[in-house]
Amino acid sequence: MKPSVLLSAVDLHKTFKISTHTRSTRVLTALDHVSLQLATGETLGIAGESGCGKSTLAKVMAGLLAPDSGNVLYKGTNLNQIGKEDWKVFRRKTQMIFQDPFSSLNPRMRVGDSMAEPLKIAGLSVHQQRSELGRIMTAVGLPTDVADRFPDEFSGGQRQRIGIARALAAAPDILIADEPVSSLDISIQAQIINILLQMKTEFSLSMMIVSHNLLVLRHICDRIIIMYLGAVVESGPASEVFSRCRHPYTEALIAAIPGFQTSTEAKNKLLQDDLPSALSIPFGCRFHPRCRHAIERCRQEVPESEEHAHGHSAACHLSSHLYG
Ligand code: SF4
């Protein structure tokens, strides 16, 4: 049976006005007509360099940021057309975990009180709150005696566990994690990834994970979306995007993973220049100034996204020519 779509983005466009040093205002395009779907039970990875728009996408999908145009649909219902009560339900059912879990915790509040807030809002008695909190803390590997302490008494890894526990206390359907492990030591990263995987099964979650670390996404995700300067350039099953990518940008990101390919194989594919500014997105294929395969057509014409295998699409004029 085909899994149902839980959360979807339809043609999302989001810009920010930026003041320059000359005091003029310029427009930064963070999301350029992005569409995607998150199926029930699925883990979807969003990858790309810093500044590609992936964190903005996560916030828009979580309802924390309004798009300029386009829609987010939760269980088929357009969030632009729901009332206050349904909006509250959506905000509770879609929880977000941030790169810096400290930023989402009140430093003057004991972590037990922070974690119990969603349970309190849900109307649970103090006894029920304690028992549910105990269950969640055990699930994420936190000793229950941490509840009386304050956020600044914890290490980064423990804070992230607290952030996950707080999100789970709201009984969400969807967990959106924005770079959940990038500020942590390598040894702790694996622990947090494993907790996320366990929680997905234990709490029947669908997840959207934003990360610049493709190896993390390959390990944890069913499907991956690759973004470049605010647009989706490739999407497909995680295993296929890695073994048979269809876009030169994805190819370059994979080549940059240490030890993933032989050094000579990888060397020719690496990105040479920095990511251009989202204040002036190149005409035609936005990747053309950095693409070693670019031809005149790439400078003139925006490539449409094309499906090359079931569920595997790329926006590149030369995809079939380059990758068969
Ligand atoms: Fe490179 Fe052209 Fe494909 Fe863009 S459309 S990725 S410039 S080959």
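Student: I'd like a rundown of the overall build of the chain, residues and numbers included.
Tutor: A count of helical and extended segments in the chain gives twelve helices and twelve strands. Over its C-alpha atoms the chain spans a radius of gyration of 21 Å, differing by no more than 12% from the 20 Å that the globule rule assigns to 324 residues. C-alpha atoms of the chain, sized along the principal axes, occupy 70 × 55 × 45 Å. Across the 324 residues that make up the chain, the buried fraction comes to 49%. Put simply, of all contacts in the chain between residues at least 6 apart along the chain, 65% involve residues at least 24 apart.

Student: Summarise the sheet that holds strand β7 (residues 174–178); cite the residues concerned and give the values.
Tutor: Across the sheet, which stays open at both edges, the eight strands sit in the order β6-β7-β8-β3-β9-β10-β12-β11 with mixed pairing between neighbours. Edge strands, defined here as strands with exactly one partner in the open sheet, are β6 (94–97) and β11 (306–309). If you compare each strand with its neighbour and ignore which way they point, the axes differ by 20 degrees on average. Two strands pair when backbone bridges link them, and strand β9 (residues 223–228) and strand β10 (residues 231–237) are joined in this way by six bridges, in the antiparallel orientation. Across the sheet, the residue bridging to R223 is P237, located in β10. Sheet contacts for helix α1 (residues 54–61): β3 (43–47), β6, β7, β8 (206–210) and β9; angle to β8, the most-contacted strand, approximately 150 degrees.

Student: So, the sheet that holds strand β4 (residues 69–74): which residues are in play, and what are the values?
Tutor: Ordered in space as β2-β1-β4-β5, the four strands form an open sheet in which the pairing is antiparallel. Two strands bound the open sheet, and with one partner strand each, they are β2 (25–39) and β5 (77–78). Pairing between strand β1 (residues 5–19) and β4: five bridges, direction antiparallel. Directly across from S8, in β4, lies its bridge partner L73. Each of β1, β2 and β4 is contacted by α1, which is oriented at about 125 degrees to β1, the strand it contacts most.

Student: I'd like a rundown of the packing of helix α3 (residues 111–121) against helix α5 (residues 156–169), residues and numbers included.
Tutor: Here α3 crosses α5 at 25 degrees, and the two axes come no closer than 7 Å. Considered as vectors, α3 and α5 are oriented roughly parallel to each other. Note on element contacts: α5 touches α3 through I162, A165, R166 and A169, opposite V111, S114, M115, E117, P118 and L119. A class-by-class count of the residues in the contact of α3 with α5 yields seven nonpolar, one polar and two charged.

Student: An account of the side chain of T250 is requested, with residue identities and associated values reported.
Tutor: Looking at the secondary structure, you find T250 in helix α9 (residues 248–255). Side chain to side chain, T250 and E234 meet in a polar contact 2.7 Å long. In contact with T250, not counting residues within four places along its chain, are I226, E234, V241 and C245.

Student: Please give an account of the environment of S204 that cites residues and values.
Tutor: You can see S204 is positioned in the loop between α6 (186–202) and β8. Overall, the relative accessible area of 62% leaves S204 in the exposed class. Spatially, the C-alpha atom of S204 lies 9.8 Å from that of A171, the residues being 33 residues apart in sequence. Those residues in contact with S204, other than ones at most four positions away along the chain, are D173 and M199.

Rules used throughout
Residue numbering note: each chain is counted from 1, following its sequence as written. Given that the model is predicted, a residue must reach a pLDDT of at least 70 before its local features are reported, and side-chain atom pairs must reach 80 or more before they are shown or counted; all residues, however, enter totals for whole chains, interfaces and linings. Water and hydrogen atoms were dropped before computing side-chain values, which therefore reflect all heavy atoms in the structure. Strands here mean DSSP runs of E at least two residues long; helices mean DSSP runs of H or I at least four residues long; both are numbered from the N terminus. Restricting the calculation to C-alpha atoms gives the radius of gyration, and the globule rule supplies 2.2 Å times the number of residues raised to the power 0.38. Buried means the residue's accessible area, taken with a 1.4 Å probe over protein chains only, is under 20% of the maximum for its type, while exposed means over 50%, and partly exposed covers the values in between. Residue contacts are counted whenever heavy atoms from the two residues lie within 4.5 Å of one another. Between any two strands, pairing holds if DSSP finds at least two bridges. To obtain an axis, a line is fitted to C-alpha atoms, over the contacting stretch when the element is a helix, and the angle between two such axes runs from 0 to 180 degrees between their N-to-C directions. Each angle gets one of four labels, with under 35 degrees taken as roughly parallel, over 145 as roughly antiparallel, 65 to 115 as roughly perpendicular, and the rest as oblique. Think of it as three bins: nonpolar holds Ala, Val, Leu, Ile, Met, Phe, Trp, Tyr, Cys and Pro, charged holds Asp, Glu, Lys and Arg, and polar takes everything else, Gly as well. Contacts described as polar in this section are N or O atom pairs within 3.5 Å, which, within protein, must combine one atom able to donate a hydrogen with one able to accept it, while residues neighboring in sequence count only if both atoms come from side chains.

Purely spatial values, then, with no claim about function.
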